[in-house]
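Report on the structure
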Amino acid sequence: MPEKTVRQIRYQGPIYRPPSEADSLLIQATVGCPHNKCTFCMVYKQGPPFKIRPVEQILEDLEVARNKYGESVKRLFLPAGNTIAMPTDKLAVVCRQAGKLFPKLERITVYGSCQYIHRKGPRELEALSQSGLSRIHVGLETGDDQILKLIRKGTTSAQQIEACRWVKAAGIQLSLYVLLGIGGRQRSRNHAIQTAKVLNAIDPDFIRLRTFVPKINTPLLEQVLDGSFQMLGPHQVLEETRAILEALDVNCRLTSDHYTNYIDLDGNLPEDLPLLLERLAAALRRPVGSFRPFFIGTQ
Ligand code: SF4
């Protein structure tokens, strides 16, 4: 008798997802990142190159997941680095089919950079929203145009604001990632002021704080090692965080759900702002040796 082959969900490249998607089903719709130029990011620097998976294969993987998990799936995350870059009609087919297979599905999410969101425009974002796409995780990093250029993010603050407003207008939740310390010592103040300005103009659903850690195989690690980029120490990162928070005028959840951060901050703005500032003030009184040490990231 020939052996029966049990089909598995396929996956190519590093598994990378936001902490808030820890319980989500991961079905890859794209591989790699179409930009892959950010100087601080190591995720796809060693490949695999960007590609959009054939829709039939993605649907097959969804089917395999349906057979394995039944109707229990409530959250679906479609890796990898910029799945929003997938053609809208194809992404919409995947989202609609996921909604049919998993009737209890509460959320479908992807990563998306502002340059690719902007290419979609308001109409395509609305179409995606109607197909079931419900949240986009966006690496904003900074709202400072000079830093955006230096880190080769491939966007501008004006484009960030327009793209993110379209996402919100389409009814898709917006989760923005801010990278503390990415301006180095020289541009810390500008980073704080300009980032708060962009966040205020967008008023996202979530602001998620990350702290810059130099990663292997990245141009920015080389700049750290040759001294052309001067990193912030723990207290300077906390000062920068305070400057951002004090300048914010938003209605959203702010969280620092990540191992790179020096302290945990979590609250709803604006009501929890005094509490968050108190936590920062307390942390600023701690000796520098009480924070996590410097390290070079390997993942
Ligand atoms: S940070 Fe995002 S957009 Fe930039 S290279 Fe990495 S995966 Fe691509």
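The structure contained in this document is the topic of the report that follows.

Conventions used here
Residues numbered from 1 in each chain as written. Predicted model: local features only at pLDDT ≥ 70, side-chain atom pairs only at ≥ 80, totals over all residues. Heavy atoms only, no water. Helix = DSSP H or I, 4+ residues; strand = E, 2+ residues; numbered from the N terminus. Buried < 20%, exposed > 50% of the residue type's maximum accessible area, 1.4 Å probe, protein only. Polar contact = N/O pair within 3.5 Å; in protein donor to acceptor, adjacent residues only side chain to side chain. Contact = heavy atoms within 4.5 Å. Near = heavy atom within 4 Å. Nonpolar A, V, L, I, M, F, W, Y, C, P; charged D, E, K, R; others polar. Pairing = 2+ DSSP bridges. Axes fitted to C-alpha atoms, helices over the stretch in contact; angles between N-to-C directions. Phe/Tyr/Trp six-rings, centres within 6.5 Å; stacked < 30°, edge-to-face > 60°. Lys NZ or Arg CZ within 6 Å of the ring centre and 35° of its normal.

Overview of the side chain of T142
When you line up the elements, T142 lands in the loop between strand 6 (135–141) and helix 4 (145–150). Since its relative accessible area comes to 0%, T142 is described here as buried. A polar side-chain atom of T142 sits 3.3 Å from a polar atom in the side chain of T195. Once residues lying within four places of it in the same chain are set aside, the contact partners of T142 are I147, L148, Q160, I182, H191 and T195.

Some words on unusual backbone geometry
In this chain, G47 is followed by P48 through a cis amide linkage whose omega measures 0°. Position of P48 relative to the elements: it lies in the loop between strand 2 (30–31) and strand 3 (51–52). Residue P79 is joined to A80 through a cis peptide bond whose omega torsion reads 20°. In the Ramachandran plot, N36 falls in the positive-phi region, its phi being about 50° despite a non-glycine side chain. As for its position among the elements, N36 is in the loop between strand 2 and strand 3. Residues other than glycine seldom take positive phi values, yet N217 does so here, at roughly 65°.

Observations regarding the site of the ligand
C33, N36, K37, C38, F40, C41, N82, S113 and K153 make up every residue found near the ligand. Here the shell around the ligand is composed, by residue class, of four nonpolar, three polar and two charged.

Details of the sheet that holds strand 9 (residues 252–255)
The strand order across the open sheet formed by eight strands is 1-4-5-6-7-8-9-10, and the pairing between neighbours is mixed. Two strands bound the open sheet, and with one partner strand each, they are strand 1 (25–26) and strand 10 (266–269). Across four bridges, strand 4 (residues 75–78) lies against strand 5 (residues 107–111) in parallel orientation. Across the sheet, R75 pairs through a bridge with R107, a residue of strand 5. The strands touched by helix 8 (residues 234–247) within the sheet are strand 7 (173–180), strand 8 (206–211) and strand 9, with strand 7 carrying the most contacts at an inclination of about 140°. Contacting strand 9 and strand 10, helix 9 (residues 273–284) crosses the sheet at an angle of about 140° to strand 10.

Points about the packing of aromatic side chains
In total, this model carries five aromatic pairs according to the counting rule given. For the pair Y259 and F295, a centre-to-centre distance of 6.3 Å together with 35° between the ring planes defines the contact as tilted. A residue pair is termed long-range when its members are at least 10 positions apart, and Y259 in the loop between strand 9 and strand 10 and F295 in the segment after helix 9 qualify at 36 residues. Residue Y259 is classed as partly exposed on the basis of its relative accessible area of 43%. On the basis of relative accessibility, which here comes to 27%, the residue F295 falls in the partly exposed class. Through pairs of rings, three or more aromatic residues link up here, namely Y16, F77 and Y111. R208 extends its terminal NZ or CZ atom over the ring of F206, reaching a point 4.7 Å from the ring centre. The ring of Y262 carries R292 above its face, with NZ or CZ at 4.2 Å from the centroid.

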